[in-house]
Amino acid sequence: MTEINPLEIYTERAFKGFISMNRLTDASLEEQIRKYQVGMNNTSSFFRNLLLEIGVEHLIDTLQSPIKIAVVECSTGEEAYTLILRNWGNRDKFTLRAIDISENYLKAVRNGVYRLPYTSDQFRLINDNPEQSEICDMEYLDISGYPVTQVEITFKESVKERIRTEQYDILNAPLSDRYDILTMCNVLLYYTDNNKKQILRNCAESMNPGGLLFLDDFYNLYDFVNLLDGVDSFDKIKLEISGVNGPLQVLAYRKKWKMRIKKLDFEYLGVIENGL
């Protein structure tokens, strides 16, 4: 088989659509990349970063409130709403800010209206949420030209008000506030190595000491490149989280401690410090 560089041929959503739905197959990595390149579109989606979502959920369960979370380069907001959906029972423990360079994307976040195929896994996961009726309204639409019934999902005001938006370019400077958790999905792949490092430095300056940065599941499962080369602001760690089929290991980047202040109890959080 011809040797290929997964980072060079990876397109937005190519991995995440099947990783987040646990659809890894026995096919080689290269075959999976080629297969899922085809037909993937350049849009955001719900529930596509399973490991990231589990890692954030674990921290919200474990840490003391208030917890400040930011979704960096949030696109049209599906990842931000996914975190709200997964942690609705703990919604008073954290605040969430959706940040993007595009005001049009942020308008979509504030609007909170999305259309999904009735047969999609994204719709199923939202519809199966036991608190669905409290979170959003649904309207089924038969639209000419669409072979499958579409569902228009409108998040309720009580949900939308949980997400604050901010227009900002993380490449240019650190964020205006400091956060305990940052998530950043489908961002670094589109930048040069030098710009990747600058973004990571700006992320570090946007975080409280000991805060955690989560990247998308592409980096979580296939850490092809060392993102921390030339960046001394983070330690790479793994959270070990109990799962139905055994422990899950979730990769995160922890802002280094540069002052003598009380650290979070990372042993309690289940951090694996060795073996990276």
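Note: the structure precedes this text.
Residues numbered from 1 in each chain as written. Predicted model: local features only at pLDDT ≥ 70, side-chain atom pairs only at ≥ 80, totals over all residues. Heavy atoms only, no water.

(A) Highlighting the overall build of the protein. When helices and strands are counted, the protein shows 12 helices and 11 strands. Restricting to contacts in the protein with at least 6 residues of sequence separation, those with at least 24 account for 75%. Total accessible area on the protein is roughly 13900 Å²; 45% of this is exposed by carbon and sulfur atoms. (Helix = DSSP H or I, 4+ residues; strand = E, 2+ residues; numbered from the N terminus. Contact = heavy atoms within 4.5 Å. Areas by Shrake-Rupley, 256 points an atom, 1.4 Å probe, with all protein chains shown as cover.)

(B) Empty space enclosed by the protein, seen in detail. What the rule picks out here adds up to 1 cavity of 30 Å³ or more. Taken together, 13 residues line the largest cavity, and the ones lying closest to its centre are Leu 52, Glu 53, Glu 79, Leu 83 and Cys 185. For the lining of the largest cavity, the secondary structure elements donating two or more residues are helix 4 (50-62) and helix 5 (78-86). A total of 3 residues in the lining of the largest cavity trace back to one element, the largest contributor, which is helix 5. (1 Å grid on protein atoms, 1.4 Å probe; cavity = no way out; pocket = protein on both sides within 12 Å on 5 of 7 lines; lining within 4 Å. Points joined across faces, edges and corners; volume = space filled by probe spheres on them.)

(C) Spotlight on the nonpolar core. One finds Ile 69, Leu 96, Phe 155 and Phe 214 to be the most contacted residues of the largest nonpolar core, which totals 44 residues. Here this core gets 6 residues from one element, more than from any other, and that element is helix 4. When residues no more than four places from it in sequence are discounted, the contact partners of Phe 214 are Leu 52, Gly 55, Val 56, Leu 59, Ile 181, Leu 182, Thr 183, Met 184, Leu 239, Val 250, Leu 251 and Ala 252. If you look at the next biggest cluster of nonpolar residues, it comprises 27 residues, including Cys 203, Ala 204, Leu 215 and Leu 251. (Core = buried A, V, L, I, M, F, W, Y, C linked by side-chain atoms within 4.5 Å. Buried < 20%, exposed > 50% of the residue type's maximum accessible area, 1.4 Å probe, protein only.)

(D) Spotlight on unusual backbone geometry. The linkage connecting Ser 65 with the following residue, Pro 66, adopts the cis geometry, with an omega of 0°. Residue placement: Pro 66 occurs in the loop between helix 4 and strand 1 (67-72). Positioned with a positive phi, Phe 47 is a non-glycine residue whose angle comes to about 50°. Relative to the assigned elements, Phe 47 resides in the loop between helix 3 (29-37) and helix 4. You can call Phe 47 buried: its relative accessible area is 10%.

(E) Helix 4, seen in detail. Counted at 1.5 Å a residue, the expected span for helix 4 with its 13 residues is 18 Å, and the 18 Å between its end C-alpha atoms agrees. Among the residues of helix 4, Leu 51, Leu 52, Glu 53, Ile 54, Gly 55, Val 56, His 58, Leu 59 and Ile 60 are the ones counted as buried. (Expected span 1.5 Å × (residues − 1).)

(F) Looking closely at the pattern of salt bridges. Under the counting rule described, the total for this entry stands at 15 salt bridges. For Arg 86, the salt bridge identified is with Glu 53, shortest N-O distance 3.4 Å. On the criterion of sequence distance, the pair formed by Arg 86 in helix 5 and Glu 53 in helix 4 is long-range, its members being 33 residues apart. Put simply, Glu 134 and Arg 91 hold a salt bridge, and the shortest N to O gap is 3.6 Å. (Salt bridge = Lys/Arg side-chain N within 4 Å of Asp/Glu carboxyl O.)

(G) Representation of helix 5 in the model. The element helix 5 is extensively covered by neighbouring structure, given that 8 of its 9 residues are classed as buried. Every buried residue of helix 5 is accounted for by Glu 78, Glu 79, Ala 80, Tyr 81, Thr 82, Leu 83, Ile 84 and Leu 85.

(H) Seen up close, the packing of aromatic side chains. Per the counting criterion, the structure on display carries 9 aromatic pairs. Between Phe 46 and Tyr 114 the ring centres are 5.2 Å apart and the planes differ by 80°, which places this aromatic pair in the edge-to-face class. In this pair, Phe 46 is assigned in the loop between helix 3 and helix 4 and Tyr 114 in strand 3 (residues 113-117), connecting sequence segments 68 residues apart. Since its relative accessible area comes to 1%, Phe 46 is described here as buried. With a relative accessible area of 7%, Tyr 114 lands in the buried category. Of the aromatic side chains, those joined through ring pairs into one cluster are Phe 46, Tyr 81, Tyr 114 and Phe 155. (Phe/Tyr/Trp six-rings, centres within 6.5 Å; stacked < 30°, edge-to-face > 60°.)

Any link to function would need more than the numbers given here.
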